[in-house]
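Structural overview
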Amino acid sequence: MIRLFKHYVPHVVLLLGLVDMLLLLTSAEIGWVVRARQIDIAPGPMIDRIPQLLVFTLSLQIALIAVGAYGAASFLSLRFAAARLAVAISLGVIFQSVIFFLTPSLTFWRSNLLYSMLVATVLLVGIRAMLGRTLGGDRFKHRIIVLGAGSRAARIAALGAKPGANFVIAGFVDMGEPDTVIADSVPRAAIPNLAAHVVDNGATELVLALQERRNALPVKDLLRVKTTGVLVSEISGFLERETGRIDLQSVNPSWLIFSDGFSSGRLLSSAFKRAFDIAASLILLILTLPVMIVAAIAIKIESKGPALYRQRRVGLYNQGFDILKLRSMRQDAEVAGTAVWAAENDPRITRIGRFIRKVRIDELPQTWTVLKGEMSFVGPRPERPQFVESLEQHLPFYAERHMVKPGITGWAQINYPYGASVEDSRHKLEYDLYYAKNYSPFLDLLILLQTIRVVLWSDGAR
């Protein structure tokens, strides 16, 4: 993987993204030239239409990211990839229509656009048909040796066996742990030279997955492996990179304290984030006001009670605040104000409520909370005080998620389905901690784009 603005991106994703960019640029030029020759106009030099070509290319590239066209499933299933491409191209047309409306000088003729879209569809599907399985295969995955054969090593083995894993396990080394569970591990005593063993197996990384590191860390072995040019990682950092979350089962306070992240030098990025929140919330409030009014009327017609309701949540530095939402449940959903987890097919949700939850319309009034500065567009979802009090007792590091401003959407929301239990909260906390540790405007942009995928496919709506 490559670390891009503090976020880990698989090499194959970056490679496919660059190939797609070249193909889209080629498609735009072909569409322009074909149409020009049809109407007997000289195409002229390519440099004269660079702005139009770039608008076409970037619009489609952004749409591909937004619909999840670079997810693991796209490398394993051509049908899945083709479906995502179809949606991405449709979104790309919408993006370009908005750009052309705002900046007419960048307009790509409709006929040119049609030809370019057809060519792009053929090329993008074709490259995935030819290279999809290859890019998703073992050839482009890095090989690792796992130092350890206990339950931690078994977790790495389970992760490596999942479709879409970015690594291949070349072997396990049994360091004499009492709870060995990896049957095909090689005892350390049977390996004369660990560094040579790692190199001979073609591994580019050694992952330390010992159950107990105290007085058991093979310092000389690790030093010799490191000096051969092989990356040496411990399990917490490895899982963070490979899964995009902070693994609570392996992490400890000292790792969080001394690892890279939670940077204090965020003054500029925080100012940019706040400026974006103000501008975007103002625009969104104006554009979506008619939608909110129609939804509010529908809510009032279907069930008694106010269309809007306030709910207390815990925000930055554990400070309480009220969020506004369109009511999606019955007025008597919570007796005596007792907080209750939402459940799948929750009978308290009204028919209108189920629809507005599915397409996230119920969240739109929260843009007012963003404008006031109590929330951001991107951040951990704020929880209710009753749940926070309980979760802080059950989950380590839960209070640390309140060190960043809560958001309407977040890294946990786009990576984990809706959860309504302590275990679900544990998984979502792992993603929230990753966001807090690796925050950057780039990650915010990625989350905002990927939220489109969640809305389109109703992931996690409940």
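About the cut-offs
Residues numbered from 1 in each chain as written. Predicted model: local features only at pLDDT ≥ 70, side-chain atom pairs only at ≥ 80, totals over all residues. Heavy atoms only, no water. Core = buried A, V, L, I, M, F, W, Y, C linked by side-chain atoms within 4.5 Å. Buried < 20%, exposed > 50% of the residue type's maximum accessible area, 1.4 Å probe, protein only. Helix = DSSP H or I, 4+ residues; strand = E, 2+ residues; numbered from the N terminus. Contact = heavy atoms within 4.5 Å. Patch = residues over 30% accessible without salt bridge, like charges linked within 9 Å, V, L, I, M, F, W, Y side chains within 5 Å. Areas by Shrake-Rupley, 256 points an atom, 1.4 Å probe, with all protein chains shown as cover. Salt bridge = Lys/Arg side-chain N within 4 Å of Asp/Glu carboxyl O. Pairing = 2+ DSSP bridges. pLDDT = per-residue confidence, 0-100. Axes fitted to C-alpha atoms, helices over the stretch in contact; angles between N-to-C directions. Parallel < 35°, antiparallel > 145°, perpendicular 65-115°, else oblique. Left-handed = near helix turned anticlockwise from the far one by under 90°. Nonpolar A, V, L, I, M, F, W, Y, C, P; charged D, E, K, R; others polar.

1. Side note on the nonpolar core
Membership of the largest hydrophobic core comes to 35 residues, with the highest contact counts inside it found for I246, V251, W411, Y435, L443 and I447. Secondary-structure elements contributing two or more residues to this core are α10 (253–258), β9 (320–326), β10 (376–378), α14 (385–394), α15 (411–415), α16 (422–438) and α17 (441–456). A total of 5 residues in this core trace back to one element, the largest contributor, which is α16. W411 has contacts with H7, G244, Y431, Y434, Y435, L443, L446 and I447, leaving out every residue within four places of it along the chain. Ranked by size, the runner-up nonpolar core spans 31 residues in total, among them V12, W32, F75 and A120.

2. Considerations on a nonpolar patch on the surface
Where nonpolar side chains cluster on the molecular surface, the patch consists of M21, M46, I47, I50, L54, L58 and I62 and spans about 580 Å² of accessible area. At 4 residues, the largest contribution of residues to the nonpolar patch is made by helix α2 (residues 50–66).

3. What to know about the pairing of strand β6 (residues 205–208)
Here β6 shows two buried faces, one formed by E205 and V207 and the other by L206 and L208. Pairing of strand β3 (residues 142–147) with β6, which is carried by 4 bridges, proceeds in the parallel orientation. Counterpart to V146 in the pairing with β6 is V207. Examined bridge by bridge, β6 and strand β7 (residues 231–234) share 4 bridges and lie parallel to one another. Bridging from a neighbouring strand, V207 pairs with S233 of β7.

4. Quick look at the confidence of the model for the chain
On average, residues of the chain carry a pLDDT of 87, and 94% of them reach 70 or more. Averaged pLDDT values over the elements of the chain bottom out at 80 in helix α3 (residues 72–76) and peak at 95 in β6.

5. Observations concerning the packing of α2 against helix α5 (residues 110–135)
Relative to each other, α2 and α5 sit at 45°, their axes nearing to 12 Å. Classed by the angle they form, the pair α2 and α5 counts as oblique. Crossing of α2 over α5 shows right-handed handedness. On α5, the residues that touch F56, L60 and L64 of α2 are L113, S116, M117, A120 and L124. The class makeup of the residues in the contact of α2 with α5 is 7 nonpolar, 1 polar and no charged.

6. Focus on the sheet that holds β6
With parallel pairing, the 5 strands of this open sheet are ordered in space as β5-β4-β3-β6-β7. The open sheet has two edge strands with one neighbour each: β5 (186–187) and β7. Against the sheet, helix α6 (residues 151–160) contacts β3, β4 (167–174) and β6, and its axis sits at roughly 160° relative to β4. Against the sheet, helix α9 (residues 235–243) engages β3, β4, β6 and β7, with an angle of about 95° to β7.

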